[in-house]
Amino acid sequence: MRALVTGGAGFIGSHLSDALVGAGHEVTVVDDLSRGRRSRVPASARFVQADVTGDLRGIFSESGVETVFHLAAQIDVRRSISDPLLDTRVNVLGTVSVLQAAAATGVRRVVFASSGGTVYGDTDVLPTPETEPLRPASQYGAAKVAAEVYGGVYSGLYGMDFVSLRYANVYGPRQDPHGEAGVVAIFSEKMLRGEVPAINGDGTQTRDYVYVADVVAANLAAIDAPAGTYNVGTGIECDVNELHRRLQAIIGVTAAATHGPAKPGEQRRSCLDPSLAASCLHWSPRLTVDEGLQATVEYFRQGQGPH
């Protein structure tokens, strides 16, 4: 299969690119390197430095791409609130640009990285199934919803398969510990440096933490699965205080975290029901949170994180 990965030099995208190459697929990576790193692109993959909001038809045509994995995005919820025009340009216009190029060049399938952590908003149904109403509380979540709607429109108009994978909170090696997103990476690096992490609010806000290798496996499963929308999570809630305690135990530190003000647009609880992915994608997460945290800490302990 000829595959193209947007954002393929980034955190999740580079792991996915590695896995696609390892499975014998012909891979093209498109990334503007605003966050991604060229060194993470597999040596055998074709690399094109480009902004996904531009005209991608030439790149798609030259690659003869059959399946597109669209992971390029503005990933920070807080930045979407402070700069919604930027978030909309990258996450909505960028998706439309990818879909337009896919339609123009006969792409068979687009697999889209959506966000189960933000599209549902706060809901009383936990773990949350795909059938729940979408009530995003941030511009980031709204942009992901809009991108999913556009995917459905392009699928109906041009006959391409559209698969939306609603990720829970993804963590693991290569995650950036220096941004606003990625609490596991941020906490891990701070603790390993002997610093004290700051928890936003009271720390009782919950998330569903899913390891990056499991997310990659879901993407691979989506290559031949029925088109549709699937949650990619563990179905297990973990609050930030508990996450901090688990990392303390793994790293071997005892200093208490500090607490700062809660952030606007942040959900209180988020946990995804992965039952549909289990039945249709034949996918379920393999690593427990503790196993994933251990692997992530070891990565940062070895000094392999971005600097």
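Notes on the structure in this doc start here.

Here is what the cut-offs are and how they apply
- Residues numbered from 1 in each chain as written.
- Predicted model: local features only at pLDDT ≥ 70, side-chain atom pairs only at ≥ 80, totals over all residues.
- Heavy atoms only, no water.
- Axes fitted to C-alpha atoms, helices over the stretch in contact; angles between N-to-C directions.
- Helix = DSSP H or I, 4+ residues; strand = E, 2+ residues; numbered from the N terminus.
- Parallel < 35°, antiparallel > 145°, perpendicular 65-115°, else oblique.
- Left-handed = near helix turned anticlockwise from the far one by under 90°.
- Contact = heavy atoms within 4.5 Å.
- Nonpolar A, V, L, I, M, F, W, Y, C, P; charged D, E, K, R; others polar.
- Expected span 1.5 Å × (residues − 1).
- Buried < 20%, exposed > 50% of the residue type's maximum accessible area, 1.4 Å probe, protein only.
- Polar contact = N/O pair within 3.5 Å; in protein donor to acceptor, adjacent residues only side chain to side chain.
- Pairing = 2+ DSSP bridges.
- Phe/Tyr/Trp six-rings, centres within 6.5 Å; stacked < 30°, edge-to-face > 60°.
- Salt bridge = Lys/Arg side-chain N within 4 Å of Asp/Glu carboxyl O.

Time to look at the packing of helix H7 (residues 183–192) against helix H9 (residues 240–251). Look at H7 against H9: their axes get within 10 Å of each other, and the N-to-C directions meet at 40°. Between H7 and H9, the crossing angle belongs to the class labelled oblique. Here H7 runs over H9; the crossing is right-handed. Residues Val 183, Val 184, Phe 187, Ser 188, Met 191 and Leu 192 of H7 touch H9, and the partners they reach there are Val 240, Leu 243, His 244, Leu 247, Gln 248 and Ile 251. Across the contact of H7 with H9, the residue classes break down as nine nonpolar, three polar and no charged.

A few words now on H9. With twelve residues, H9 ought to run about 16 Å at 1.5 Å a step, and its terminal C-alpha atoms sit 16 Å apart, in line with that. Among the residues making up H9, those that are buried are Val 240, Asn 241, Leu 243, His 244, Leu 247, Gln 248, Ile 250 and Ile 251. Of the surrounding elements, those touching the buried residues of H9 are H7, strand E8 (198–200), strand E10 (209–211), strand E12 (238–239), strand E13 (258–260) and helix H11 (289–301). Capping of H9 at its N-terminal end is provided by Asp 239; its side-chain oxygen lies 3.1 Å from the backbone amide nitrogen of Asn 241. Directly after H9, the chain includes Gly 252, whose backbone phi takes a positive value near 85°.

A few words now on the sheet that holds strand E4 (residues 67–70). Read from one edge of the open sheet, seven strands run E3-E2-E1-E4-E5-E6-E11, paired in parallel fashion. Single-partner strands in this sheet number two, and they are strand E3 (46–49) and strand E11 (228–232). Along the sheet, successive strands turn relative to each other by an average axial angle of 20°, direction set aside. One ladder, built from five bridges, connects strand E6 (residues 161–167) with E11; its direction is parallel. Residue Ser 164 lies in a different strand from E11, and its bridge partner there is Thr 229. Helix H6 (residues 139–158) contacts strand E5 (109–115), E6 and E11 of the sheet and is inclined by roughly 160° relative to E5. Against the sheet, helix H8 (residues 212–221) touches E4, E5, E6 and E11, its axis set at about 165° to E6.

Quick look at the packing of aromatic side chains now. Any aromatic ring pair is given by two values, namely how distant the centres are and how the planes are angled relative to each other. For the coordinates displayed, the defined rule picks out five aromatic pairs. Pairing Phe 112 with Phe 162 gives two aromatic rings, centres 6.1 Å apart and planes at 25°, and the pair type is stacked. A residue pair is termed long-range when its members are at least 10 positions apart, and Phe 112 in strand E5 and Phe 162 in strand E6 qualify at 50 residues. By relative accessible area, Phe 162 is classed as buried at 9%. Judged by centre distance (5.6 Å) and plane angle (65°), the rings of Tyr 171 and Tyr 211 are edge-to-face. Of this pair, Tyr 171 sits in strand E7 (residues 169–171) while Tyr 211 sits in strand E10, placing them 40 residues apart in sequence. By relative accessible area, which is 2% here, Tyr 171 ends up buried. A connected cluster of aromatic rings, assembled from ring pairs, spans Tyr 171, Tyr 209 and Tyr 211.

Okay, the pattern of salt bridges next. Enumeration according to the criterion identifies 15 salt bridges in this entry. Salt-bridge contacts for Arg 57 lead to Asp 55; the nearest nitrogen and oxygen are separated by 2.6 Å. One salt bridge connects Arg 166 with Glu 148, and the closest N-O pair in it is separated by 2.7 Å. With Arg 166 in strand E6 and Glu 148 in helix H6, the pair connects residues that are 18 residues apart, well separated along the chain. Residues Arg 166 and Glu 148 agree in their burial class; the two are buried. One continuous salt-bridge network, built from bridges that share partners, spans Glu 242, Arg 245, Arg 246 and Asp 290.

Here we take up the packing of H7 against H11. Pairs of packed helices are described in terms of their axes, by the angle between the two and the distance that separates them. At a minimum axis distance of 10 Å, the contact between H7 and H11 shows a crossing angle of 50°. In this view, H7 runs oblique relative to H11, as classed from their interaxial angle. Here the hand of the crossing between H7 and H11 comes out right-handed. Contacts between H7 and H11 involve Val 184, Ala 185, Ser 188, Glu 189 and Leu 192 from the first element and Leu 293, Thr 296, Val 297, Phe 300 and Arg 301 from the second. Taken together, the residues of the contact of H7 with H11 sort by class into six nonpolar, two polar and two charged.

Everything listed is a geometric property; what it means functionally is a separate question.
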